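Now for the letters of each chain:
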Amino acid sequence: RLYHRLLAAGTGAADRTRRRESRRLPRAMVPDKKHDDTDKKHDDTAVVILATGVHAVEAAAAAAAAAAAATTTANAAPVTVRTSSKRKFNHMQSVLEMDVDLKKPDVGIARERSRVQTGIKDEEGNQLSMNSRLTELGRAGLATELFFRTMRYCIIAFAILSAIGSIPLAYNVQLNAGVYSSLSVVATTIGRCCQHDWRLILYFQAIPWFFIVIVMVTFLYVLRYKQRAIAEYNDKNFLTASDFSVRLRAIPLDHSTEEELALFATEHGGTVAHVAVGWKCAEYIVFLNQWKQKQIEWRECKQERVDAGKLATLTNGKVEVLQKELLELESEMFKNKAVGAGGEATGTAFITFETGDSKMEFMEVHARSWWRELFEFKIVPRYFGVKLIVDVATEPSDVYWENIEFGEWAVFGRAIITLLATGVLIGASATALTFLARAKDSEIARLEASQGDSGDVLVAQYGRGISVMAAVIVNIGNQAINVAISYLTKLERRPTKTDYEESLYMKLAVAYVINTVVLILFVQPDATQWFEEGGVYAQALYIALAGGLPELNKIFALVMRCRRLCFSCTANTQARLNQLWEPPDSTMGEYYAGLTKILATGLVFGPAMPVILYVTLVNLCLAFVANKYAVLFVTKQPAAMDEGLSERFRDFMSFVVLASVCIMFVVLDVTVDGVRNKVDRVTPIAVVLILIWVLYFTCPVSVLPCFRRYVSKESHGSHSFHSIEGIQTYYNPVSQPVPSIQPQLLRDEKAAKALTLIKAKNAKIKGLKIRHDQRQKSGGLFGWGGEKDAESPLELKSPQPQEAKGEGFFGSIFSPSVALSSILLEAAEYRPTPTMVKVPEGVGPGGLVAVERSDGQTVQVRVPSDAYVGSTFYATV
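Residues numbered from 1 in each chain as written. Predicted model: local features only at pLDDT ≥ 70, side-chain atom pairs only at ≥ 80, totals over all residues. Heavy atoms only, no water.

### A short note on the confidence of the model for the chain
Interpreting fine coordinate detail is not advised for predicted regions of low pLDDT.
Here is step 1: Within the chain, residue pLDDT values average 75, and 73% of them lie at 70 or more.
Here is step 2: This stretch, residues 1-101, has a pLDDT under 50; its non-local contacts, to residues over four places away or in other chains, come to 234 contacts.
Here is step 3: Low pLDDT, under 50, characterises residues 780-829; the stretch is placed with 47 contacts to residues that sit more than four places away or in other chains. (pLDDT = per-residue confidence, 0-100. Contact = heavy atoms within 4.5 Å.)

Below is the structure:
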């Protein structure tokens, strides 16, 4: 009751901060420089909520339904929550992680944990909604906002293209009404070449095609301009670790200690807040991932044994085998960290300065240019005689520490393997499409010869079936390509998430375009047969119609939901249930590749079959909604990345526009060749369009400030690194403590000994009680007996206070058993509750942290495997 009264009293302030301590915010935000003084005038509101004596289920329900989820740390010390309506900051916090498994896994806890990990949060920790502005998506990084901005501009561009394409669409439908069957889908195309006049081809086909290309080139210039504007806005309004950090490369391997690097950076920059050395940790990460997986299996097997009532039996079973493997993995991690690859440097390090001014000064001193040393007589400082390579650091979430040790040639060799595997998949798809095209030609020829005039309907139906089969083959091939390339690209060992996403995008985009666009043209090279039933453009229409199906899958996430539905009931521990409810990662490279596939289909086939432009417009709207829903409610928050993906997309789309020009030129040239008394007006238009494309590709527009890539050259004023609450820090996993199950084994051993002692004492008590009852029935040796002595055996019953003090027959003889029973009784009556614990300095995954319970006792809890220094987690104590 006291808890609910205090909670009701603090509702007004708690409503504004109810989820701040229980959610992971995406990026740290600071006020604009011009509003800095105004923000200092607004005092933070302190809300203190005290939770005492609340059951675990009650506390969890109160946390989910009412005020601060993190402040409902039942039986813990008072928690102070700072709130401010104008001061925006990021509080990177660990998500819900139960350290001690409940007797029965709770799906509600797993669902809440999954919800905390999913989506993008605002400055108060609230999840963004579907109607959130695109500017708010920039909290997840520049790449995320640029992607959705790009999709919006694509929708606008194709709305214009659809309006332009309505002119040739009306002309095609009217002219082809008497040529094709009413059921034919190719009636919306240019159609058979001999039905057109060259003037109509010029006015209704070539000129709209010219404006379509002009619109797309303008679209690419708009993307380039908006990219710089959005990057500049994000840099000025969002403050992250990269604003204080630099990356050093070419560091001498024998001088890579944190102390030496910190001293060098202090001499040439300013106060250093943190140094993270890129030690080799690829093998260590492999052991760590295996340990995490086997640890969950070990806990599952232990819980199965407990449920079966075989806690102290079944030696040399699966539990012991997994326990032995876990201890071996821990030993390997210790060896690797001490004397193995974990002690070898990679020549890379990340240095975080206390202020942005120190970072800019350090980069200015180490700017590499020959004219600077030659004419300005400014020598770049040497680090033990070596000129370091200094550049802006990527975000901490963007670094793959286990891949830093791999060089460019090693990555290139693995990329070749990925390309070969992709070629095999594309070849399989090409074989199926070739077989389908040959079967289509022979069957249509047979139908036309046998049915005569009545065979047009059968030919149209058969051609529609062939087109649907081609669309199915193409989509199956795309899904296989997606799975294979995503898996193989991870094995390439890219050093950053941005590099991985860019590599994934380029491979997927090229494979998608070849499999979706090029193959159906390759297997049917005769342009005069492209407009037949079941031909290239009929297949392209159904491929475009099927292009929205992968986008719908992003909303429903069938694989993830089926996994949760089918396997949640088999989980014996909360850790296993949390793993099943883990949301998937968000891959922006895959999203960009899907967008490229939709645009390529519309641009290559849309000018000659304008109905595809309308289908592409619908697919783009669907993709925008599906991708936004997936990022906000299905997947984890995307990693903070730069504008590299947007640049790759823009460059690739320029080649798609060139392919569209070439294909449409072939179509119009073949059409004009079939016209009598032809006058070639198509070739000059095609030449002009190609010159426009060459001008776009080669013109150095980057000399203009509005098209130049944005590079931050200003610091963030007086803001210091440690003054920003919850900002991420660079931590190499090999520098963290090695996780271990040995604390849990010690607890299990103590519990087993206590249980054995209780059973022995209870057996002894029971035997003496039987003899006592027999004496009582016979009158006793000295007249003992009475109503008090005739009560039930002690065993694990609540002992009388006087017996615990040594009064009475049983209390004087069996006081150790009574005392042990009293301890276990108190532990049984105590109700464990979730308590928020902060990981102190020097303690990593698997370490022990002291937590004080509400009854005054101090217990040790184990840090989860995915927690880090400074983060918080929930433990049931």
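### Some thoughts on the pairing of strand S5 (residues 345-353)
Here is step 1: In terms of residue burial, S5 counts as a mostly covered element, since 8 of its 9 residues are buried.
Here is step 2: Pairing of strand S3 (residues 245-249) with S5, which is carried by 4 bridges, proceeds in the antiparallel orientation. The residue bridging Val-246 from the neighbouring strand is Ile-351, located in S5.
Here is step 3: Note: strand S4 (residues 272-279) against S5, 6 bridges, orientation antiparallel. Of the residues in S5, the one forming a bridge with Trp-279 is Ala-345. (Buried < 20%, exposed > 50% of the residue type's maximum accessible area, 1.4 Å probe, protein only. Helix = DSSP H or I, 4+ residues; strand = E, 2+ residues; numbered from the N terminus. Pairing = 2+ DSSP bridges.)

### Focus on empty space enclosed by the protein
Here is step 1: Applying the stated rule across the entire model yields 10 cavities of 30 Å³ or more.
Here is step 2: Reported here for the largest cavity is a volume of approximately 90 Å³.
Here is step 3: Lining the largest cavity are 13 residues, with Ile-543, Ala-544, Gly-547, Lys-597 and Thr-601 positioned closest to its centre.
Here is step 4: Contributing elements (two or more residues each) for the lining of the largest cavity: helix H14 (455-490), helix H16 (536-545), helix H20 (588-605) and helix H21 (611-633).
Here is step 5: A per-class count over the lining of the largest cavity returns 5 nonpolar, 7 polar and 1 charged.
Here is step 6: Looking at the second largest cavity, its volume works out to about 50 Å³.
Here is step 7: Lining the second largest cavity are Ile-164, Gly-165, Pro-168, Gln-205, Pro-208, Trp-209, Ile-212, Gly-606, Pro-607, Pro-610, Leu-613 and Met-664.
Here is step 8: Those elements giving two or more residues to the lining of the second largest cavity turn out to be helix H6 (142-175) and helix H7 (198-237).
Here is step 9: Classifying every residue of the lining of the second largest cavity by side-chain character gives 9 nonpolar, 3 polar and no charged. (1 Å grid on protein atoms, 1.4 Å probe; cavity = no way out; pocket = protein on both sides within 12 Å on 5 of 7 lines; lining within 4 Å. Points joined across faces, edges and corners; volume = space filled by probe spheres on them. Nonpolar A, V, L, I, M, F, W, Y, C, P; charged D, E, K, R; others polar.)

### A short note on helix H23 (residues 682-698)
Spacing of three or four residues puts side chains on the same side of an α-helix, whose turn is 3.6 residues.
Here is step 1: Counted at 1.5 Å a residue, the expected span for H23 with its 17 residues is 24 Å, and the 24 Å between its end C-alpha atoms agrees.
Here is step 2: Listing the buried residues of H23 in full gives Val-682, Ile-685, Ala-686, Leu-689, Trp-693 and Tyr-696. Each buried residue of H23 lies within a common arc of 100 degrees when the element is viewed along its axis, so the set occupies one face. With respect to the buried face of H23, the exposed residues turned more than 90 degrees away are Leu-691, Leu-695 and Thr-698. (Expected span 1.5 Å × (residues − 1). Arc of directions from axis to C-beta.)

### As for the side chain of Lys-554
Here is step 1: Within the secondary structure layout, Lys-554 lies in helix H17 (residues 549-556).
Here is step 2: In this structure Lys-554 comes out as buried when scored by relative accessible area, which is 15%.
Here is step 3: Only 2.7 Å separates the side chain of Lys-554 from the side chain of Asn-627, close enough to count as a polar contact. (Polar contact = N/O pair within 3.5 Å; in protein donor to acceptor, adjacent residues only side chain to side chain.)

### Description of the sheet that holds S5
Here is step 1: Taken together, 4 strands build an open sheet; the order of strands is S4-S5-S3-S6 and the sheet is antiparallel. Whereas interior strands pair on both sides, the edge strands pair on one side only; in this sheet they are S4 and strand S6 (389-392). Between one strand and the next, the sheet's axes are offset by a mean angle of 20 degrees, whatever the strand orientation.
Here is step 2: Sheet analysis places S3 next to S6, joined by 4 bridges and oriented antiparallel. Bridge pairing in S6 places Leu-248 opposite Val-390.
Here is step 3: Helix H8 (residues 258-268) rests against S3, S4 and S5 of the sheet, and its axis sits at about 135 degrees to S4. (Axes fitted to C-alpha atoms, helices over the stretch in contact; angles between N-to-C directions.)

### Quick word on the packing of H7 against H23
Here is step 1: Here H7 crosses H23 at 0 degrees, and the two axes come no closer than 11 Å. With respect to each other, H7 and H23 are oriented roughly parallel. Where H7 abuts H23, its residues Leu-202, Ala-206, Trp-209, Phe-210, Val-213, Ile-214, Val-217, Leu-220 and Tyr-221 lie against Val-682, Ile-685, Ala-686, Val-688, Leu-689, Ile-692, Leu-695 and Tyr-696.
Here is step 2: Residues of the contact of H7 with H23, tallied by class, amount to 17 nonpolar, no polar and no charged. (Parallel < 35°, antiparallel > 145°, perpendicular 65-115°, else oblique.)

### A closer look at the pattern of salt bridges
Here is step 1: Tallied over the entire structure, the rule returns 16 salt bridges.
Here is step 2: Here Asp-391 and Arg-249 are joined by a salt bridge, their closest N and O atoms 3.3 Å apart. With Asp-391 in strand S6 and Arg-249 in strand S3, the pair connects residues that are 142 residues apart, well separated along the chain.
Here is step 3: For Asp-391, a relative accessible area of 18% gives the class buried.
Here is step 4: Where Glu-749 meets Lys-753, a salt bridge forms, and the shortest distance between an N and an O atom there is 3.5 Å. (Salt bridge = Lys/Arg side-chain N within 4 Å of Asp/Glu carboxyl O.)

### Quick word on a nonpolar patch on the surface
Here is step 1: Judged by side-chain polarity, Trp-409, Phe-412, Ile-416, Leu-419 and Leu-420 come together as a nonpolar surface patch covering roughly 600 Å² of accessible area.
Here is step 2: Locating Leu-419 in the fold gives a position in helix H13 (residues 408-451). (Patch = residues over 30% accessible without salt bridge, like charges linked within 9 Å, V, L, I, M, F, W, Y side chains within 5 Å. Areas by Shrake-Rupley, 256 points an atom, 1.4 Å probe, with all protein chains shown as cover.)

### What to know about the nonpolar core
Here is step 1: Among the nonpolar cores identified, the biggest contains 117 residues, and Trp-209, Trp-530, Tyr-537 and Phe-605 are the most heavily contacted of them.
Here is step 2: Broken down by element, the residue count for this core peaks at 15 residues, all from H7.
Here is step 3: With residues up to four places along the chain from it excluded, the contact list for Phe-605 reads Val-517, Ile-520, Leu-521, Val-536, Tyr-537, Ala-540 and Ile-612.
Here is step 4: Core analysis: the next-biggest nonpolar cluster, separate from the first, contains 47 residues, Ala-241, Val-275, Cys-281 and Tyr-284 among them. (Core = buried A, V, L, I, M, F, W, Y, C linked by side-chain atoms within 4.5 Å.)

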